[in-house]
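# Report on the structure
Each chain, written out:
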Amino acid sequence: MISEKIILGIDPGTAIMGFGLISVTKGKMEMISIHELILKKYPNHETKLKYIFDKTLALIDEFHPDEVALEAPFYGKNVQSMLKLGRAQGVAMAASLYRNIPITEYSPKKIKMAITGNGNASKEQVAGMLQNLLKLKEFPTKYLDASDGLAVAVCHHFNSGTLTDTKSYSGWESFLKQNPDRLK
């Protein structure tokens, strides 16, 4: 049995991307780190994607997570926004798979439900519950996107061994086997 597991949670974004890392030792969670990648300042989408890949890879190389959990993109009113968000998520997935780290996706509702018990909870409610769950005196970031990344990691811990409506990949072969339509 693994005595410690490190989980990297990622909330993909094209303006701000959130990352949260937790360690789980004998079932007890502890926050390791929380990061946000501010992407608003970069001139184009391609540059943002490169920084997402680089930052994800840097976090993986620094903290050596055992698993990566990502928030799945959701369909809003703007198809172009969803496409860009999906690309951001895909680049983070690629960085994880490049280092052979298993990844799992969770819907936004499932993450909120795991943290607060309410699938329609606000970002503020999620952050408040995380502060309570992880026994943080104050929340270490001003961006709720970063807290969303932490929420994805905690959700993954809570759902370990009970995954039903999520997708998991252990490498490129696994990803392609589960997504044959993506192979051209």
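Calculation rules
- Residues numbered from 1 in each chain as written.
- Predicted model: local features only at pLDDT ≥ 70, side-chain atom pairs only at ≥ 80, totals over all residues.
- Heavy atoms only, no water.
- UniProt positions renumbered as here; feature names shortened; annotations may be inferred.
- 1 Å grid on protein atoms, 1.4 Å probe; cavity = no way out; pocket = protein on both sides within 12 Å on 5 of 7 lines; lining within 4 Å.
- Helix = DSSP H or I, 4+ residues; strand = E, 2+ residues; numbered from the N terminus.
- Contact = heavy atoms within 4.5 Å.
- Buried < 20%, exposed > 50% of the residue type's maximum accessible area, 1.4 Å probe, protein only.

## Notes on the UniProt feature "active site" (unreviewed entry) in the chain
Mapped onto this numbering, the UniProt entry gives "active site" (unreviewed entry) at Asp11, Glu71 and Asp145. For the residues just named, distributed over 135 residues, the greatest C-alpha separation is only 11.1 Å, placing them together at one site. As for the annotated residues named above, the ones lining the largest pocket are Asp11, Glu71 and Asp145. Mapped onto the elements of the fold, aspartate 11 is located in strand 1 (residues 4–11). Apart from the residues lying within four places of it in its own chain, the contact partners of aspartate 11 are Ile16, Met17, Gly18, Glu71, Lys123, Asp145, Asp148 and Gly149. Note on glutamate 71: relative accessible area 13%, which makes it buried.

## Quick word on the UniProt feature "binding site: Mg(2+) 1" (unreviewed entry) in the chain
Those places that UniProt annotates as "binding site: Mg(2+) 1" (unreviewed entry) correspond, in this numbering, to Asp11 and Asp145. The residue aspartate 145 is located in helix 5 (residues 144–159) in this model. Among residues more than four places away in sequence, those in contact with aspartate 145 are Asp11, Ile16, Gly18 and Lys123.

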